[in-house]
Amino acid sequence: MADVQATVTGGTARPKAAKVVFFGLGAVGSALLICLSELAERDGVPIRFVVYVRSPEAARDALFHAERLFDRIDFIGLAEFDPVFALEARHEAELSGATLLVNAALPRLNGPIMELALQIGAHTLDLASDMYDAETERTLTFSQYRFDQPFREKGLVALINMGISPGVTNYLIGRRLHELRKAERKDLEIESVDLFLLEDIDSDSIVFSWSPIVALEELAQRPRILYKGRMQVLEPFSEAREYLFPHEPGPCRQYPLYQEELLSLRRSFPEIDTIAVYTGGSEVELVKALYQLNLLSKRSLPNQPELTVEGLVRAILPGMNKPRRIEEYLRNGVIHRAHFAAAAEIRVSETVRNERQTVIETVGLSYLRYRELLGSPYAGATYISYPTAVGAAILAWHALETDRGDPSVLNGVLTGEDLARLLSRARADAIRRDLVAWDIDLFESLRDASET
């Protein structure tokens, strides 16, 4: 993908085989690998995978409906990734010719993977940033940016915070904001951006679609919003709003959330002084109940000072279900309905007919066809892991295909909104078609702000 094989058959160059290296292969990583393989097959690009995991058996099990791909995958079991990051001799052949390194494990591995990529000349892809490390807390800037200049100097691309949100959401927002920037209307002002997220599942049992521990950490953090240029810190589950998503019978309660989307948009569009991210749905309400019952307290238990209330709750919470169990729940009707949606409202004002007019432009996505995963290679994915993986795969694939055609277009550390600015119109249209082809519906609208 980064090169084209010199051999010419029948007058056309054959794409050189791509090698994609995964670190970790959980719920999102396994679906991401499947989607990349489908995109490669469609576009006629031979592809191989190297998967570094602690348990190759568990990795194979995560791909239990995609066994046909096993002859393209080298599963390598490691207790730790450090020997790979150190580029020890025994791993040189595995990494040789790697096109893309994927962090499908933990955000704290972003740095070591990016350092490795610089050594071997590979691009990188990650799904999230460490929002709570000291560097990000102090600077409100993702730690991956310290690699921006080294990646640019080597002509490499680091795709950060890819997925469905952030990732596709910021890509869609970025496309519209960049278009508004080009309007060349001096009186046009982008007043605010509000991103609303829905994570809702109707089931007979409690089914965590993502790690319960991650859910507790994210939703119980003190949320932040950017308001008139100042970062404001709020109490958890305060300042709630109502939002009506497409395909929903009524409004959903939405709570401020401190997530990558906020810092990313703040960096990309510094002229917008009000940006907020909200989330809601059944899974959010579950964590809210735990918080309001004081079950996320840091207080020690009576007669057990070494154990906090929160620690006890974490210990007894059920873990994330295995893919086979998720498929069973879906097939047997335990899961009735699941809906992930994201809607960004962009508030824009300008002078029209000698009056100031304010409109709200909405761009968004909806994933509602969860049951259709049955019988597909993705059966066993959750309604969150599937769109996250597909979104990351599609954005990454089109970025790398762009790099293959012209390596000068994409360089350095890039987010979804950066891709929205840099990719061609034809490539952007292809991304939209691919998202819909993989069951991610897109929507947009425009309305007068006085109607709300």
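Everything numeric in this text was worked out from a predicted model, so none of it was measured. (Residues numbered from 1 in each chain as written. Predicted model: local features only at pLDDT ≥ 70, side-chain atom pairs only at ≥ 80, totals over all residues. Heavy atoms only, no water.)

Caption draft 1: Focus on the overall build of the chain. Helix and strand counts for the chain come out as 16 helices and 20 strands. Computed over C-alpha atoms, the radius of gyration of the chain comes to 22 Å, within 12% of the 22 Å expected from 2.2 N^0.38 for 452 residues, which places it in the range of a compact globule. Judged by the C-alpha coordinates and their principal axes, the chain covers about 70 × 60 × 45 Å. Burial status across the chain gives 55% buried among its 452 residues. Here the analysis covers contacts within the chain between residues at least 6 apart in sequence; of these, 73% occur between residues at least 24 apart. (Helix = DSSP H or I, 4+ residues; strand = E, 2+ residues; numbered from the N terminus. Rg over C-alpha atoms; globule rule 2.2 N^0.38 Å. Buried < 20%, exposed > 50% of the residue type's maximum accessible area, 1.4 Å probe, protein only. Contact = heavy atoms within 4.5 Å.)

Caption draft 2: Highlighting the nonpolar core. Counting 125 residues, the largest nonpolar core has Phe 22, Phe 23, Leu 32, Tyr 52 and Leu 419 as its most contacted members. Tallying contributions element by element places helix α14 (residues 385–405) first for this core, with eleven residues. Ignoring sequence-local partners within four residues, the contact set of Leu 419 consists of Leu 159, Met 162, Tyr 171, Leu 395, Ala 399, Leu 410 and Leu 414. Ranked by size, the runner-up nonpolar core spans eleven residues in total, among them Leu 198, Ile 225, Tyr 243 and Tyr 278. (Core = buried A, V, L, I, M, F, W, Y, C linked by side-chain atoms within 4.5 Å.)

Caption draft 3: Summary view of unusual backbone geometry. Cis geometry is adopted by the peptide bond preceding Pro 166, which originates at Ser 165 and carries an omega value of 0°. Tracing the sequence through the fold places Pro 166 in helix α8 (residues 164–181). The phi dihedral of Leu 87 falls on the positive side, at around 55°, and the residue is not glycine. Given the relative accessible area of 22%, Leu 87 is considered partly exposed. One non-glycine residue with positive phi stands out, namely Arg 353, at about 50°. Within the fold, Arg 353 resides in the loop between β17 (335–352) and β18 (355–367). On the accessibility criterion, Arg 353 (78% relative accessible area) is exposed.

Caption draft 4: Spatial organisation of the pairing of β18. Counting buried positions along β18 gives ten out of 13 residues, so the element sits mostly inside the fold. Pairing of β17 with β18 involves 13 bridges; the strand directions are antiparallel. Counterpart to Arg 347 in the pairing with β18 is Ile 360. Here β17 folds back onto β18, and the loop between the two strands holds two residues, one of which, Arg 353, carries a positive phi near 50°. By the bridge criterion, eight bridges tie β18 to strand β20 (residues 441–448) in an arrangement that is antiparallel. Residue pairing across strands places Gly 364 opposite Phe 443, the latter belonging to β20. (Pairing = 2+ DSSP bridges.)

Caption draft 5: Spatial organisation of the confidence of the model for the chain. Residues of the chain with pLDDT of at least 70 account for 94%, and the chain-wide mean is 91. Under a pLDDT of 50 for its full length, residues 1–14 has, in the predicted model, 23 contacts with residues more than four places off or in other chains. (pLDDT = per-residue confidence, 0-100.)

Caption draft 6: Representation of the sheet that holds strand β3 (residues 18–23) within the structure. Pairing is parallel across the open sheet formed by seven strands, whose spatial order is β5-β4-β3-β6-β7-β8-β19. At either end of the open sheet lies a strand with only one pairing partner, and these are β5 (73–77) and β19 (412–414). For this sheet the average axis-to-axis angle between neighbouring strands, irrespective of direction, equals 15°. Bridge count between strand β4 (residues 47–53) and β5: five bridges; the pairing is parallel. The residue bridging Tyr 52 from the neighbouring strand is Ile 76, located in β5. (Axes fitted to C-alpha atoms, helices over the stretch in contact; angles between N-to-C directions.)

Caption draft 7: Inspection of the packing of helix α1 (residues 27–42) against α14 at higher detail. For the pair α1 and α14, the least separation of the axes is 8 Å and the interaxial angle reads 40°. Compared by their axis directions, α1 and α14 come out oblique. Where α1 crosses over α14, the two elements pack in a sense that is right-handed. Counted together, Ala 27, Val 28, Ala 31, Leu 32, Cys 35, Leu 36, Leu 39, Ala 40 and Arg 42 of α1 and Ser 385, Thr 388, Ala 389, Val 390, Ala 392, Ala 393, Ile 394, Trp 397 and His 398 of α14 form the full contact between these two elements. (Parallel < 35°, antiparallel > 145°, perpendicular 65-115°, else oblique. Left-handed = near helix turned anticlockwise from the far one by under 90°.)

Caption draft 8: Here's a closer look at the pattern of salt bridges. Across all of its chains, the model carries 30 salt bridges by this definition. Glu 179 is the salt-bridge partner of Arg 176, the closest N and O atoms lying 2.7 Å from each other. One end of the pair is Arg 176 and the other is Glu 179, both in helix α8 and three residues apart, which spans about a single turn. On the basis of relative accessibility, which here comes to 23%, the residue Arg 176 falls in the partly exposed class. Glu 179 gets classed as partly exposed once you look at its relative accessible area, which sits at 38%. Between Glu 271 and Arg 181 there is a salt bridge, with its nearest N and O atoms 2.9 Å apart. Here Glu 271 is found in the loop between α10 (260–268) and β14 (275–280), whereas its partner Arg 181 is found in helix α8, with 90 residues between them in sequence. (Salt bridge = Lys/Arg side-chain N within 4 Å of Asp/Glu carboxyl O.)

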